[in-house]
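# Chain and residue survey
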Protein chains: 2
Amino acid sequence: MSREGADAVAALELNAAFYDAFARSDLEAMDAIWSRDEAVSCTHPGGRTLQGRVAVMGSWQNLFSGGSLDIRYSGDSATLVRGLAFVNCLEHIEDKTLVATNILVWESGSWRFVCHVAGVISEAAPLRGAPSGVLH
Amino acid sequence: MSREGADAVAALELNAAFYDAFARSDLEAMDAIWSRDEAVSCTHPGGRTLQGRVAVMGSWQNLFSGGSLDIRYSGDSATLVRGLAFVNCLEHIEDKTLVATNILVWESGSWRFVCHVAGVISEAAPLRGAPSGVLH
């Protein structure tokens, strides 16, 4: 496997570990997944963008305090951009489908999350990007 | 101004140009804003992630064919991560507020978009990240 291929596979493995920590409400595992050296940000569905490690990890602690969540993912793909990995996938929470963009940096010998953005998919009425959209 | 400060200001300027092109439905200006060298991706609100320049620019062409959109933005901030710029801001479309993450790479002497993700904010019921969330 090429170096780029191996890097992409490793990024997808960290993405899997992210959803495993998420599903198990494992705050310690989630903490280990996020970058310690870079400015991290996280946008939960319906929420504003949280910036900085304290705000981001606080949101996971808050979320996990509500108990475990039935979350699965599918359709994961990784693209390398200037040494960062952009991982896209679908999230499945109960009967909702969400789209996620996860961005990883290489740090201390492994990938780490630097950005997570997730939002609900509305197949019927995307807000833009299709002629049937609500806002245009 | 420091080099980092100047880079951040330049990233915010391109972010402004993005919303200007968006508001004017100017496909040529929008095309010039996106990277030609890197793998680009774009997630419109409620939609799946579009990958590659053809799919992304096609979505803007499709969107712009519906006429101009009353879009404004606020609260823009830029963070440099490994030479990329992460720009976060709020979008205002009619009575909706959206949150956007725009990621820029430095290419041919200027910033260019490599990723745009936008989703609607639901102040009342974020899907996760707050105790009152719907899905946990």
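These notes cover the structure that comes with them. (Residues numbered from 1 in each chain as written. Chains lettered and ligands numbered in written order. Predicted model: local features only at pLDDT ≥ 70, side-chain atom pairs only at ≥ 80, totals over all residues. Heavy atoms only, no water.)

### A closer look at the pattern of salt bridges
All names here are of chain A. Applicable threshold: Salt bridge criterion: a side-chain nitrogen from Lys or Arg within 4 Å of a carboxyl oxygen from Asp or Glu.
Applying the stated criterion to the full structure yields 16 salt bridges over all chains. Note that Arg36 is salt-bridged to Asp31, the shortest N-O span being 2.4 Å. Among the ionic contacts, a cluster of salt bridges with common partners joins Asp20, Arg24 and Asp26.

### Brief notes about the relation of the copies chain A and chain B
The condition that has to hold: Here the copies are matched by least squares. The fit uses the C-alpha atoms of residues with pLDDT of at least 70 in both.
Of the two same-sequence chains, chain A is brought onto chain B (RMSD 0.0 Å, axial shift 0.0 Å) by a rotation of 180 degrees. Given the turn and translation reported, the copies of this chain are related as if by a two-fold rotation axis. Rotation axis and chain A: the residue whose C-alpha lies nearest the axis is Gly119(A), separated from it by 2.9 Å.

### Some words on the sheet that holds strand β4 (residues 84-93) of chain A
All names here are of chain A. What counts here: For two strands to be treated as a pair, DSSP must find at least two bridges joining them. Going along the chain from the N terminus, every DSSP run of H or I of four or more residues is numbered as a helix, and every run of E of two or more is numbered as a strand. Here an axis means a line fitted to C-alpha atoms, over the contact stretch when the element is a helix, while the angle between two N-to-C directions is reported on a 0 to 180 degree scale. By the convention used here, residues are in contact when the closest approach between their heavy atoms is within 4.5 Å.
The sheet built from six strands is open, its strands ordered β2-β1-β6-β5-β4-β3 with mixed pairing. Two strands lie at the open edges of the sheet, namely β2 (49-51) and β3 (71-81), each paired on one side alone. Ignoring which end each strand starts from, the neighbouring axes of this sheet average 20 degrees apart. Sheet strands touched by helix α1 (residues 3-23): β3, β4, β5 (96-107) and β6 (110-120). Its angle to β3, the strand with the most contacts, is close to 150 degrees. Packed on one face of the sheet, helix α3 (residues 53-64) meets β1 (41-43), β2 and β6 and runs near 120 degrees to β2.

### Concerning the packing of α1(A) against α3(A)
All names here are of chain A. Going by this rule: Comment on the angle field: the value is read as roughly parallel under 35 degrees, roughly antiparallel over 145, roughly perpendicular from 65 to 115, and oblique elsewhere. Gly falls in the polar group here, along with every residue not listed as nonpolar (Ala, Val, Leu, Ile, Met, Phe, Trp, Tyr, Cys, Pro) or charged (Asp, Glu, Lys, Arg).
Viewed as axis vectors pointing N to C, α1 and α3 meet at an angle of 45 degrees, and their least axial separation amounts to 10 Å. Taken together, the axis directions place α1 and α3 in an arrangement best described as oblique. On the side of α1, the interface is formed by Phe18, Ala21 and Phe22, while α3 contributes Trp60, Leu63 and Phe64. Taken together, the residues that form the contact of α1 with α3 break down as six nonpolar, no polar and no charged.

Just distances and angles here, no functional claims.
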